[in-house]
Amino acid sequence: MPDESIEHFDFEKAAQTSLSRPLVKHIFTADPAVHVFDGKIYIYPSHDIEAGVPYNDSGDHFAMEDYRVLSMDHPQGEVKDHDLALHVKDVPWAERQMWAPDAAYKNGKYYFYFPAKNYEGKFQIGVAIGDSPVGPFIAEPEAIKGTYSIDPSVFADDDGKYYMYFGGIWGGQLQCYKNNEYDANNVVPLPDEPALGPRVAKLSDDMKQFAEHVKEISILDETGKPILAGDNKRRFFEASWMHKYEGKYYFSYSTGDTHFICYAIGDNPYGPFTYQGRILNPVSGWTNHHAIIEFEGKWYLYYHDVQLSGKTHLRNVKVTELKYNDDGTIRTIDAYGSPLQLPQGGG
Ligand code: FUB
């Protein structure tokens, strides 16, 4: 993941015009997954660190080692940083790169889902279990069977079923998997072929495994045709998130190299989902990653940028209100009041 997107960025101006402030400043946080448990907001971010790993297209500079949980009583309230929730050294199957996690609650237990590279250099997704929403979480000894790639996002549907969405191309390795089988020689599709879709699987009753084979999700354009791989301002790249609004399923995601958070709407958890537009325009830093929650009748977008550091791998989580139009579409958010002009790919 190159870093050109922030070379010409005016950080001073962005700090002045920014819709929101970093939630915490004493640590770097990114990739927020957010849930309301028992009336309180819990943020499950990546914990960015300066590991001294040079930038490369595989994202090795995102060399995170552990997770911490943040909580707040209200989106404008004080933020509490809790103790260590999970460290890579306590995960038998994982070697490095603890990327974007998520969490879920069921029957008195909290389930923390996280990707990491295993000792073969392949991303997989694991689960760690705890009695508190802030951990500590105890990792299962092995990764969840059938998992691959990155960015797990767990959606609890109203009928008590839980679904994991996941996947990310390029450094996230999704392109290596066809029909859920790994081949290092697999590459992303040609520009005029359908883009790779995010993946979904229902979780087992004990929340520790998949209850079914992993399926690929289709994201369609307004004519009902799959979004193409060359359509990089709309195609899925990483950062899956699912929420429900007025009975419809809203699947949102990052377009990666064009830096948008986009969304698509469907009638059930598996899709297909029809592309609707942009939720968040590019932010400072290469990555864009978000979560959407409802809290006391209002909707909020948690996201990150690099306001504190100016470095793509040292991010800070923020929150702002998200609004719907009467027809259920989402109003696009400019994190700095007006669209950020990127030197490439962001327009
Ligand atoms: O934090 C590492 C990776 O950067 C995440 O897994 C992606 O979603 C991107 O934000």
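Keep in mind it's a predicted model, so treat the numbers as computed, not measured.

Focus on the site of the ligand
All residues in the neighbourhood of the ligand are listed as Asp31, Phe62, Met64, Trp99, Ala100, Ile150, Asp151, Glu238, Thr287, His289, His304 and Arg315. A distance of 2.7 Å separates an oxygen atom of the ligand from a polar atom in the side chain of His289. Within the side chain of Arg315, one N or O atom sits 2.7 Å away from an oxygen atom of the ligand. Contact with the protein chains removes 100% of the 280 Å² of surface that the ligand exposes when unbound. Looking at side-chain class alone, the shell around the ligand contains five nonpolar, three polar and four charged residues.

Description of the packing of aromatic side chains
For the structure on display, the rule yields 33 aromatic pairs. Taken together, a centroid distance of 6.5 Å and an interplanar angle of 65° make the contact between Phe37 and Tyr44 edge-to-face. A relative accessible area of 10% places Phe37 in the buried class. Owing to a relative accessible area of 1%, Tyr44 belongs among the buried residues under this scheme. Through a chain of ring-to-ring contacts, three or more aromatic side chains come together here, namely Phe37, Tyr42, Tyr44, Tyr67, Trp93, Tyr105, Tyr110, Phe112, Phe114 and Phe137. The positively charged end of Lys122 is found above the aromatic ring belonging to Tyr182, 4.3 Å away from the centroid.

Some details on the nonpolar core
It is characteristic of soluble globular proteins that their nonpolar side chains tend to be buried jointly. Judged by nonpolar contacts, the single largest core of 63 residues is most densely connected at Tyr44, Leu86, Met98, Phe112, Phe114, Tyr302 and Leu322. Ranked by residues supplied to this core, first place goes to strand S22 (residues 298-305) with five residues. Of all hydrophobic cores here, the second largest spans 41 residues; its members include Ile169, Leu174, Val200 and Phe237.

Regarding the sheet that holds strand S23 (residues 316-322)
Read across the sheet, three strands follow the order S21-S22-S23 without closing on themselves; strand pairing throughout is antiparallel. Each edge of the open sheet is held by one strand with a lone partner, namely strand S21 (290-295) and S23. Pairs of neighbouring strands in the sheet enclose a mean axial angle of 25°, with direction left out of account. Relative to S22, S21 runs antiparallel, the two sharing six bridges. Bridge assignment links Ile293 to a residue of S22, and that residue is Tyr300.

A word on the sheet that holds strand S15 (residues 215-216)
Read from one edge of the open sheet, four strands run S10-S11-S14-S15, paired in antiparallel fashion. Single-partner strands in this sheet number two, and they are strand S10 (153-156) and S15. Both strand S14 (residues 199-202) and S15 contribute to a ladder of two bridges, which runs antiparallel. Opposite Arg199, over in S15, you have Glu216 as the bridge partner.

How each quantity is defined
- Residues numbered from 1 in each chain as written.
- Predicted model: local features only at pLDDT ≥ 70, side-chain atom pairs only at ≥ 80, totals over all residues.
- Heavy atoms only, no water.
- Near = heavy atom within 4 Å.
- Polar contact = N/O pair within 3.5 Å; in protein donor to acceptor, adjacent residues only side chain to side chain.
- Areas by Shrake-Rupley, 256 points an atom, 1.4 Å probe, with all protein chains shown as cover.
- Nonpolar A, V, L, I, M, F, W, Y, C, P; charged D, E, K, R; others polar.
- Phe/Tyr/Trp six-rings, centres within 6.5 Å; stacked < 30°, edge-to-face > 60°.
- Buried < 20%, exposed > 50% of the residue type's maximum accessible area, 1.4 Å probe, protein only.
- Lys NZ or Arg CZ within 6 Å of the ring centre and 35° of its normal.
- Core = buried A, V, L, I, M, F, W, Y, C linked by side-chain atoms within 4.5 Å.
- Helix = DSSP H or I, 4+ residues; strand = E, 2+ residues; numbered from the N terminus.
- Pairing = 2+ DSSP bridges.
- Axes fitted to C-alpha atoms, helices over the stretch in contact; angles between N-to-C directions.

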